[in-house]
Amino acid sequence: MNGNPEKLQIGQVVKCATTVRLTFFHVGTPPSHYTKREQDSRATSELGCPKALGRMATMEYRIGRVVKTHGIKGEVVVDPTTDDLDQRFYVGAVLTGRAGGGKEQQLTIQSMRPHQGRLLVKFEEIPDRTAGESLRGMQFFAPPLEHDPEEDGYYDHELEGLAVIHEGTRVGEVTDITHGPAATLLTVTMDEDERDVLIPLVDAIVPEINLGEKTATITPPDGLLDL
């Protein structure tokens, strides 16, 4: 990832008793250009009046969700949505979980082990399968980690709005990002006729992204821009 994830400025809130939410999606597809896999980056500030007036919203990321229970001892299957697995999920970590109704719960990891590309997690607060069933669908959130600024990767909000350059000329703008199993795709809206073209976010086709100049240079194979 290029830059600190906390650099996104939300701005001051000027209304009382309001909630500010911004949502982005990040799915990693290394080793080419990739977007960070921590999903549902959202800035949330629950504000009252007048004490919290003007307070900055805070940012957090969705790092996983409970898929189902496993066995009779309260283990649950967690689908992680983070590239920083070792820093997010470890014995003793306290996770902030939210169920469908928005109720927040703090859960402490007692044990964990990999299982078919996911994690089997036992929480100290969940004694049995019945209690585990109550966690089904729960999503876990966490504040940003400090990332290496030299790391090659981008958040979706950094890519959206980039001018797309082909052979030295602007041809369109990145308007969306789609994450597939094989690659991340940039949706480029062409300036000429407002068609949407999907561009794979791989080095061979997108050799340069310049966040300072807000540009993405592409070298598409013949015919790609005509699809």
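Notes on the structure follow. Since this is a predicted model, take the numbers as computed values, not measurements.

1. Remarks on the side chain of Thr96
Checked against the element boundaries, Thr96 lands in strand S5 (residues 94–98). On the basis of relative accessible area, Thr96 is assigned to the buried category, the value being 18%. A distance of 3.3 Å separates polar atoms of two side chains, one belonging to Thr96 and the other to Gln106. Filtering out sequence-adjacent residues up to four positions away, Thr96 remains in contact with Glu104, Gln105, Gln106, Gln139, Phe140 and Phe141.

2. Brief notes about the pairing of strand S10 (residues 169–179)
Remark: a regular strand shows side chains that alternate across the two faces of the sheet. Examined bridge by bridge, strand S9 (residues 163–166) and S10 share 4 bridges and lie antiparallel to one another. Counterpart to Ala163 in the pairing with S10 is Glu173. Where S9 hands over to S10, the hairpin turn is made up of 2 residues, of which Glu167 adopts a positive phi near 55 degrees. Note: S10 against strand S11 (residues 184–190), 7 bridges, orientation antiparallel. When the sheet's bridge partners are listed, Asp176 is paired in S11 with Thr187.

3. Notes on the packing of aromatic side chains
Throughout the structure, instances matching the rule amount to 1 aromatic pair. Geometrically, the ring pair formed by Phe123 and Phe140 is tilted, given 5.8 Å between the ring centres and 50 degrees between the ring planes. In this pair, Phe123 is assigned in strand S7 (residues 118–123) and Phe140 in strand S8 (residues 139–142), connecting sequence segments 17 residues apart. On the accessibility criterion, Phe123 (0% relative accessible area) is buried.

4. With respect to the side chain of Thr69
Positionally, Thr69 belongs in strand S3 (residues 58–70). Side chain to side chain, Thr69 and Arg129 meet in a polar contact 3.3 Å long. Separated by 3.2 Å, the side chains of Thr69 and Glu133 make a polar contact. Those residues within four positions of Thr69 in sequence are excluded, and the remaining contacts are Glu75, Val76, Val77, Arg129, Gly132, Glu133 and Arg136.

What counts and how
- Residues numbered from 1 in each chain as written.
- Predicted model: local features only at pLDDT ≥ 70, side-chain atom pairs only at ≥ 80, totals over all residues.
- Heavy atoms only, no water.
- Helix = DSSP H or I, 4+ residues; strand = E, 2+ residues; numbered from the N terminus.
- Buried < 20%, exposed > 50% of the residue type's maximum accessible area, 1.4 Å probe, protein only.
- Polar contact = N/O pair within 3.5 Å; in protein donor to acceptor, adjacent residues only side chain to side chain.
- Contact = heavy atoms within 4.5 Å.
- Pairing = 2+ DSSP bridges.
- Phe/Tyr/Trp six-rings, centres within 6.5 Å; stacked < 30°, edge-to-face > 60°.

That's the geometry; what it means functionally is another story.
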